[in-house]
Amino acid sequence: MEESVVPNEIKEKLDQSKRIVKYRGISLQWLIRFWGNILDNKIAIDVELVVATELLAEDVWKGRTMQVIGNESNIETDQRTGHVPYRKSKKLQPFFVDQVQSKSRSEWTIGDVCDFVVIPMVLEQQCIFLDLDILDPEIDVGTQFEGAFISQARSCRFQDLLTALNAYYSNKSGNGSIPKCTFVWLDLFCANQPLLTGDSSEDIIKQRCALLSEGFHIAIECFEECLFFFDSWIDPAPLTRAWCIWEIYGAIQSRKPMKLIFVPENETINFTAVLCNGHKKIVEGILNLRPQEAECFDTDGLKMIRARVESTVGWLELKQTVVEQLMTWLIQVTQAVVADFINQTETSDSRARFLNQAGRLLKDIGRYDQAMACFQHALESFRCLPRTEENCDVAATLEEMASVQVAQGTYFQALDLLEECLGIYKAAHDTENHGDVASTLSNMATVYESIGNYDKALELNQRSLGILESLNDPWTLSKPYMVRRTMFFSHPHWFE
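As a starting point, this report considers the structure included with it. Fair warning: this is a prediction, and the values are worked out from it, not measured in the lab.

### Re unusual backbone geometry
Logical step 1: Even without being glycine, K90 reaches a positive phi, approximately 65°.
Logical step 2: Unusually for a residue other than glycine, Q126 sits at a positive phi of about 50°.
Logical step 3: Mapping Q126 onto the fold places it in the loop between α3 (110-122) and β7 (141-144).
Logical step 4: Judged by its relative accessible area of 38%, Q126 falls in the partly exposed class.

Right under this line is the structure:
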């Protein structure tokens with residue numbers, strides 16, 4: 001691929017940090033082979049990592065990773081020592097074997113690969129990883145701004161990042177394989193880690209500041225695409241790290257499309273498990289994200305990031321951008337999982353309940369046709385289960401289908417569904433004096449109000465109110481007030 005033409009203004013900014021970064025990607029195929037060699041102990045030979053299981057020192061907290069130094073422990077005390085990255089004192093940390101847990105290579109994080117593999121390999125030359133002779137610059141390194149800028153949190157597993165990238169590019173190619181010319185820009189391989197993380201001269205510090213404040217955003221704007229790796233859709237690690245927020249902010253400012261990538265299989269399994277326990281947890285999990293609370297060790301950097309976001313796009317727009325992307329992914333996963341469940345030939349309670357929850361989720365995010373399809377399949381499954389005539393799950397599904405009809409403005413179809421629902425609840429509870437019946441009557445009243453039949457709406461609301469007031473069930477104690485309040489604010493003249 002030919003070198004991209006860079007405007008002079010951008011070129012000048014790039015020159016400010018040229019000693020500490022290259023805006024060239026590394027071959028994804030090469031990275032996968034490189035990782036395979038790490039797993040096979042052919043690279044970073046005999047590097048042993050452990051994780052502290054308790055507080056060992058002020059700067060060695062529970063969960064911090066160390067590299068074990070030496071193979072032998074003190075026979076008398078069973079004590080060993082570990083190297084702690086970025087420790088100001090440079091001292092080794094003593095620990096007992098029962099104070100740490102071994103960390104297998106498959107569990108190494110992106111940060112571990114940087115600290116214990118990349119930096120040791122480039123430390124002597126004080127160079128960028130791309131400059132090492134283990135890479136062929138003609139094959140394994142892309143041209144300037146070729147490929148994708150990859151945003152990631154160092155706490156994520158390196159294996160998961162590669163799996164997500166592999167899945168993304170395999171799907172994109174259409175033939176299930178990664179094209180040879182696939183290049184990705186990852187800071188740990190494409191920036192000078194010794195200069196970025198070590199004690200440096202004033203000139204290097206200025207270049208570092210230029211990179212962090214401007215360089216990353218230029219890269220986001222100029223690379224062919226921008227991929228954000230999320231380790232999970234529930235509380236993703238990148239949204240807790242301020243420099244990842246800074247990269248999201250850069251994508252918004254440059255109007256660069258933001259694409260989220262995940263580990264497909266893991267996230268589908270997690271999503272399915274959560275959805276089976278209730279659709280509201282899915283939406284709440286996404287809407288409760290709080291990127292404004294992201295942190296980083298660099299207090300000056302954190303202040304800069306927060307000030308810039310707050311004075312420009314604002315936290316609300318930044319969150320909305322992330323939520324929109326998560327919702328897009330959510331819809332795609334829901335559709336795929338629903339298709340699998342629909343194709344199951346065996347009717348089961350779990351199948352029906354999952355489709356019901358999926359329908360509720362799709363309804364809540366405005367995908368009404370898809371929601372209705374889920375409810376119809378759930379209804380068919382519920383009807384095939386025992387006690388069909390008294391099956392409250394059938395009634396609840398009919399009620400959900402009616403709410404979709406209301407949202408689409410097909411009110412008379414909604415009333416037909418609610419009438420059937422009402423009959424099932426009465427049969428199931430052998431009485432009209434039940435909260436389910438009262439709820440259905442109230443829903444019917446809302447539909448009649450929508451079509452302008454206020455007398456019928458008032459009649460049904462009064463019946464619902466009478467049932468609720470006669471019940472001592474704690475769950476329904478607040479319902480009479482809510483029905484009265486709805487009736488009053490909808491039609492205050494009723495109460496004159």
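### Concerning a nonpolar patch on the surface
Logical step 1: On the surface, a nonpolar cluster with roughly 390 Å² of combined accessible area is contributed by L55, W61 and F297.
Logical step 2: For F297, the position within the fold is in the loop between α10 (280-287) and α11 (299-311).

### Observations concerning the pattern of salt bridges
Side chains carrying opposite charge are able to pair once their charged atoms draw close together.
Logical step 1: This model, assessed by the stated rule, comprises 19 salt bridges.
Logical step 2: Among the salt bridges present, the one from R353 reaches D349, with a minimum N-O distance of 2.7 Å. Within this pair, R353 and its partner D349 are both found in helix α13 (residues 349-364), separated by four residues, close to a single helical turn.
Logical step 3: With its nearest N and O atoms 2.8 Å apart, the salt bridge here joins R353 to D393.

### Some details on the packing of helix α9 (residues 264-276) against helix α12 (residues 314-342)
Logical step 1: Here α9 crosses α12 at 75°, and the two axes come no closer than 11 Å. One finds that α9 runs roughly perpendicular with respect to α12. Of the residues in α12, those touching α9 at E267, T268, F271 and T272 are W329, L330, V333, T334, V337 and F341.
Logical step 2: Per-class residue counts for the contact of α9 with α12 are six nonpolar, three polar and one charged.

Criteria and thresholds
Residues numbered from 1 in each chain as written. Predicted model: local features only at pLDDT ≥ 70, side-chain atom pairs only at ≥ 80, totals over all residues. Heavy atoms only, no water. Helix = DSSP H or I, 4+ residues; strand = E, 2+ residues; numbered from the N terminus. Buried < 20%, exposed > 50% of the residue type's maximum accessible area, 1.4 Å probe, protein only. Patch = residues over 30% accessible without salt bridge, like charges linked within 9 Å, V, L, I, M, F, W, Y side chains within 5 Å. Areas by Shrake-Rupley, 256 points an atom, 1.4 Å probe, with all protein chains shown as cover. Salt bridge = Lys/Arg side-chain N within 4 Å of Asp/Glu carboxyl O. Axes fitted to C-alpha atoms, helices over the stretch in contact; angles between N-to-C directions. Parallel < 35°, antiparallel > 145°, perpendicular 65-115°, else oblique. Contact = heavy atoms within 4.5 Å. Nonpolar A, V, L, I, M, F, W, Y, C, P; charged D, E, K, R; others polar.

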